[in-house]
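Observations on the model geometry
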Amino acid sequence: MLARCLTALVGGYVAMATVATLSARLLPIARVEATVWGVIPAFLFYALLSLWCFHEPRLARVVGVVWGTAIVAGAAIWLLGVRP
């Protein structure tokens, strides 16, 4: 249960922060507006992801999806670099 809680809280936060950053990086609008439009849906997705972490019976799937999302989105941000 501790692993599920840590994955939901910490992993969900990391995953949604990287997804919000990636979406803000990819949006073709001003940086401030892109940041707002990237962060607003991240609150909803963080709540849904956290609830799913406790609904899914297999811990391995929960860890794989949450941390996999964080790693893939983080790698994409790193590959894209700083927005000009």
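Going by the structure above, here's the rest.
Notes on the structure follow. (Residues numbered from 1 in each chain as written. Predicted model: local features only at pLDDT ≥ 70, side-chain atom pairs only at ≥ 80, totals over all residues. Heavy atoms only, no water.)

**Re the overall build of the protein**
Going by this rule: For the purposes of this entry, the term helix denotes a DSSP run of H or I that reaches at least four residues, the term strand denotes a run of E that reaches at least two, and both are numbered from the N terminus. Only protein chains enter the calculation, and the probe is 1.4 Å; a residue is then buried if its accessible area is under 20% of its type maximum, exposed if over 50%, and partly exposed in between. In what follows, a contact means two residues having at least one pair of non-hydrogen atoms within 4.5 Å. We get accessible surface area from the Shrake-Rupley algorithm with a probe of 1.4 Å; when it comes to residues, only the shown protein chains can shield them.
A count of helices and strands for the protein gives 3 helices and 0 strands. If you line up the protein on its principal axes, its C-alpha atoms span 45 × 25 × 15 Å. Out of the 84 residues in the protein, the part that is buried amounts to 27%. For the protein, the share of sequence-separated contacts (at least 6 apart) that also reach a separation of at least 24 residues comes to 80%. When the accessible surface of the protein is split by element, carbon and sulfur atoms take 79% of a total near 5,600 Å².

**Some thoughts on the layout of surface pockets**
Left-over empty space is what a probe sized like a water molecule reveals as it rolls over the atoms. Applied cut-off: With a 1 Å grid laid over protein atoms only, a set of points is called a cavity when a 1.4 Å probe fits there but cannot get out and a pocket when it is open yet has protein on both sides within 12 Å along at least five of seven lines; lining residues have an atom within 4 Å of a point. Grid points are joined across faces, edges and corners, and a volume is the space filled by probe spheres set on the points. Gly counts as polar in this scheme, as do all residues outside two lists: the nonpolar Ala, Val, Leu, Ile, Met, Phe, Trp, Tyr, Cys and Pro, and the charged Asp, Glu, Lys and Arg.
The computed volume of the largest pocket comes to approximately 190 Å³. Around the largest pocket, the lining residues are Gly 12, Tyr 13, Met 16, Ala 17, Ala 20, Thr 21, Ala 24, Thr 35, Val 39, Ala 42, Phe 43 and Tyr 46. By residue class, the composition of the lining of the largest pocket is 9 nonpolar, 3 polar and no charged.

**Details of the packing of helix 1 (residues 2-26) against helix 3 (residues 59-80)**
As a reminder of what qualifies: Helix axes are fitted only over the stretch in contact, all axes being lines through C-alpha atoms; the angle between N-to-C directions runs from 0 to 180 degrees. Every angle not falling under 35 degrees, over 145, or within 65 to 115 is termed oblique; those three ranges are roughly parallel, roughly antiparallel and roughly perpendicular. Should the near helix be turned anticlockwise from the far one by less than a right angle, the crossing is termed left-handed; should it be turned clockwise, right-handed.
The geometry of helix 1 relative to helix 3 is characterised by a closest axis approach of 8 Å and an angle of 30 degrees between their N-to-C directions. Considering the angle they form, helix 1 stands roughly parallel to helix 3. The element helix 1 and its partner helix 3 pack so that their crossing is left-handed. In terms of residue class, the contact of helix 1 with helix 3 is made up of 17 nonpolar, 7 polar and 2 charged.

**A look at the packing of helix 1 against helix 2 (residues 31-55)**
The N-to-C vectors of helix 1 and helix 2 enclose an angle of 155 degrees; their axes lie 8 Å apart at closest approach. Our classification of the angle between helix 1 and helix 2 gives roughly antiparallel. Along this stretch, helix 1 crosses helix 2, giving a crossing that reads as right-handed. In this structure, helix 1 contributes Arg 4, Cys 5, Ala 8, Leu 9, Gly 12, Tyr 13, Ala 15, Met 16, Ala 20, Ser 23 and Ala 24 to the contact, and helix 2 contributes Ala 34, Thr 35, Gly 38, Val 39, Ala 42, Phe 45, Tyr 46, Leu 49, Ser 50, Cys 53 and Phe 54. Looking at the contact of helix 1 with helix 2 residue by residue, the class counts come to 16 nonpolar, 5 polar and 1 charged.

**Things to note about helix 3**
Heads up, the rule is: Each residue after the first adds 1.5 Å to the expected span of a helix.
For helix 3, with 22 residues, the first-to-last C-alpha span of 31 Å sits near the 32 Å given by 1.5 Å per residue. Taken as a whole, helix 3 has its buried residues at Val 62, Val 66, Ala 70 and Ala 73. At its buried positions, helix 3 is contacted by helix 1 and helix 2.

**What about the environment of Gly 68?**
By the secondary structure assignment, Gly 68 is in helix 3. Of the residues examined, Gly 68 reaches a relative accessible area of 25% and is grouped as partly exposed. Separated by 53 residues in sequence, Gly 68 and Ala 15 have C-alpha atoms that sit 8.3 Å apart.

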